[in-house]
Amino acid sequence: MTPADTGAPTTVGAASAVSVPGTSDARMAPGGPGYRRMSLALFLAGVATFALLYSTQALLPLISGDMGVTASDASWTVAAATGGLAVFVLPMSALSERFGRRTVMTASLAVAVTVGLLVPFAPSLPALVALRAVQGAALAGLPASATAYLAEEVTPRALVTAIGLFVAGNSVGGMSGRVITGWVAQEWGWRIAVGVIGVVAVACAVAFRLLLPAPKHFRAGSLRPRVLVRTVRDHLANPLLRRLYAIGALFMTVFGGVYTVIGYRLAEAPFSLPQGLIGSIFLVYLVGTVSASTAGRLVGRLGRRGALYLGGGTTAAGLLLSLAPSLPLVLLGLVLITAGFFAGHAVASSAVGKTAQHGRAQASALYQSAYYVGSSAGSTAGAVAFHAGGWTGTVGIGLLAVLGVVAITVTGSVAARRTAGAVAAGA
């Protein structure tokens, strides 16, 4: 959506608009110095973040059996991690404003991978949930800081593509984590599987720190609570940002619910798949890698509003298709859900970076907070709905969330027309 489409300005913040005298723009761009290293570094950070954050999701049936708990109880190992991230992403973004994006991202990954190596030794479900909550809180330093880093260090024209690559790293991490854990757990159990993910995340964290270029446009901000509160209040007063936050939360409600429960459905009749094959189902995340990385072109052709409609419609079609008692149709439904979700997420998250005129890390943090609140809500609601009404119940929760995305986007369109009319009348 253009500014006229949304009813709110999309001016990039002042810090990101600074150019070095004698050049058109000193920031990184495709083909320029440091861009490839930066892209690979943040791609690996995205891999580590999602691999750790959702490391138990494909293993929930095994955790349920090993610890003698229900699906809704086991789902807390996912909800605790995403909930911890949602709660701490705003404070961590404030730290990144003071101490730098790269510093906070490095520290966050270091703590998260350390906890990841402890998770396999959790003696009980409460201990496992507690460790996962700490891990999620540590990972909170990644998403908002990464988006703010890109908004400051990458040219505006390349911003959607750069954020799309980071989101693509999320999808690869989510996919590889689930596939690896599925096959490893089938042979050696869920604890060994989670430990393997921890080791992979360590390697990604080291490579990230070695590759990421030092920031050149970062300007340290204040840690004073009053300044933080004022910045947050300003962002929440922006109607476009509020809509983007709600859209991110609703998209993630669908995604969290579907992928928390799908393992249980595929383990039951008529499918009765083994754990290794259930984990391999997450290879459909590759579709998300493609859709996220091409979000910039999608917005260029359809506009931001059109891209969101397409993402929501694709997700809804996938949900309906997944109701069929046929494995190929269920897989096709998952492909559509994944493609629609990652496209919508990449479009909404990049729009936040463009819309925020100051406190870009806080703007991104609020989006990430809403996004992971949606994940926690979707994981819990999807599991409860599955327990009460089977897969149909989970799909019902997802369709309601998609309807919310469409309603909010329509609201933005109406507001845009009113703004455009007022401007025309004033002219």
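Residues numbered from 1 in each chain as written. Predicted model: local features only at pLDDT ≥ 70, side-chain atom pairs only at ≥ 80, totals over all residues. Heavy atoms only, no water.

Some thoughts on helix H11 (residues 225-237)
Thinking step 1. Taking 1.5 Å of rise per residue, 13 residues should cover 18 Å, and H11 covers 18 Å from first to last C-alpha, within 8% of that figure.
Thinking step 2. Those residues of H11 lying buried are Val227, Thr231, Val232 and His235. The buried residues of H11 occupy one face: seen down the axis, they fall within an arc of 130 degrees. In this structure, H11 carries Pro225, Arg226, Val229 and Ala237 as exposed residues pointing more than 90 degrees from its buried face. (Helix = DSSP H or I, 4+ residues; strand = E, 2+ residues; numbered from the N terminus. Expected span 1.5 Å × (residues − 1). Buried < 20%, exposed > 50% of the residue type's maximum accessible area, 1.4 Å probe, protein only. Arc of directions from axis to C-beta.)

A word on the side chain of Arg265
Thinking step 1. Looking at the element boundaries, Arg265 is found in helix H12 (residues 239-267).
Thinking step 2. Buried and unpaired, Arg265 has Glu268 as its nearest opposite-charge partner, separated by 7.1 Å.
Thinking step 3. Reaching out from Arg265, the side chain makes a polar contact with the backbone oxygen of Ser322 at a distance of 2.6 Å.
Thinking step 4. What Arg265 contacts, discounting residues up to four positions off in sequence, is Phe271, Ser322, Leu323, Ala324, Val330, Phe386 and Trp391. (Lys, Arg positive; Asp, Glu negative; His and termini not counted. Salt bridge = Lys/Arg side-chain N within 4 Å of Asp/Glu carboxyl O. Polar contact = N/O pair within 3.5 Å; in protein donor to acceptor, adjacent residues only side chain to side chain. Contact = heavy atoms within 4.5 Å.)

Let's talk about the nonpolar core
Thinking step 1. Residues Met38, Leu42, Leu150 and Tyr259 are the most contacted members of the largest nonpolar core, which totals 123 residues.
Thinking step 2. Of all the elements, H12 adds the most residues to this core, at 16 residues.
Thinking step 3. Not counting residues up to four positions away in its chain, the partners in contact with Met38 are Met28, Tyr149, Leu150, Val154, Leu212 and Pro213. (Core = buried A, V, L, I, M, F, W, Y, C linked by side-chain atoms within 4.5 Å.)

Description of the packing of helix H15 (residues 295-321) against helix H16 (residues 327-355)
Thinking step 1. Remark: H15 packs on H16, axes separated minimally by 7 Å, with the N-to-C direction vectors making an angle of 145 degrees. Read as a crossing pair, H15 and H16 show a hand that is left-handed.
Thinking step 2. Class assignment for the residues of the contact of H15 with H16 results in 17 nonpolar, eight polar and one charged. (Axes fitted to C-alpha atoms, helices over the stretch in contact; angles between N-to-C directions. Left-handed = near helix turned anticlockwise from the far one by under 90°. Nonpolar A, V, L, I, M, F, W, Y, C, P; charged D, E, K, R; others polar.)

Notes on unusual backbone geometry
Thinking step 1. A cis amide bond, omega 10 degrees, links Ala269 with the succeeding residue Pro270.
Thinking step 2. Inspection of the secondary structure assignment puts Pro270 in the loop between H12 and helix H13 (275-280).
Thinking step 3. One non-glycine residue, Ser272, adopts positive backbone phi at about 50 degrees.
Thinking step 4. You can see Ser272 is positioned in the loop between H12 and H13.

Brief notes about the pattern of salt bridges
Thinking step 1. By the definition in use, this model includes two salt bridges.
Thinking step 2. Between Arg191 and Asp66 there is a salt bridge, and its shortest N-O distance comes to 4.0 Å. Note that Arg191 is positioned in helix H10 (residues 190-211) and Asp66 in helix H3 (residues 60-67), a separation of 125 residues in sequence.
Thinking step 3. Classification of Arg191 by relative accessible area gives partly exposed; the value is 27%.
Thinking step 4. Asp66 gets classed as partly exposed once you look at its relative accessible area, which sits at 47%.
Thinking step 5. The partner of Arg101 in a salt bridge is Glu152, and the shortest N-O contact between them spans 2.4 Å. Linking Arg101 in helix H6 (residues 101-118) with Glu152 in helix H8 (residues 143-153), this pair joins segments that are 51 residues apart in sequence. Of the two residues, Arg101 and Glu152, neither departs from the other in class, the shared state being buried.

Structural notes on the environment of Val199
Thinking step 1. Mapped onto the elements of the fold, Val199 is located in helix H10.
Thinking step 2. Along the chain, Val199 and Leu319 lie 120 residues apart, while their C-alpha atoms are 34 Å from each other.

Description of a nonpolar patch on the surface
Thinking step 1. Residues Leu117, Val199, Val202, Val206 and Leu210 make up a contiguous nonpolar surface patch of roughly 430 Å² in combined accessible area.
Thinking step 2. Sort the elements by how many residues they give to the nonpolar patch and H10 lands first, with four residues.
Thinking step 3. For Leu210, the location among the structural elements is in helix H10.
Thinking step 4. Overall, Leu210 belongs to the exposed group, its relative accessible area being 65%. (Patch = residues over 30% accessible without salt bridge, like charges linked within 9 Å, V, L, I, M, F, W, Y side chains within 5 Å. Areas by Shrake-Rupley, 256 points an atom, 1.4 Å probe, with all protein chains shown as cover.)

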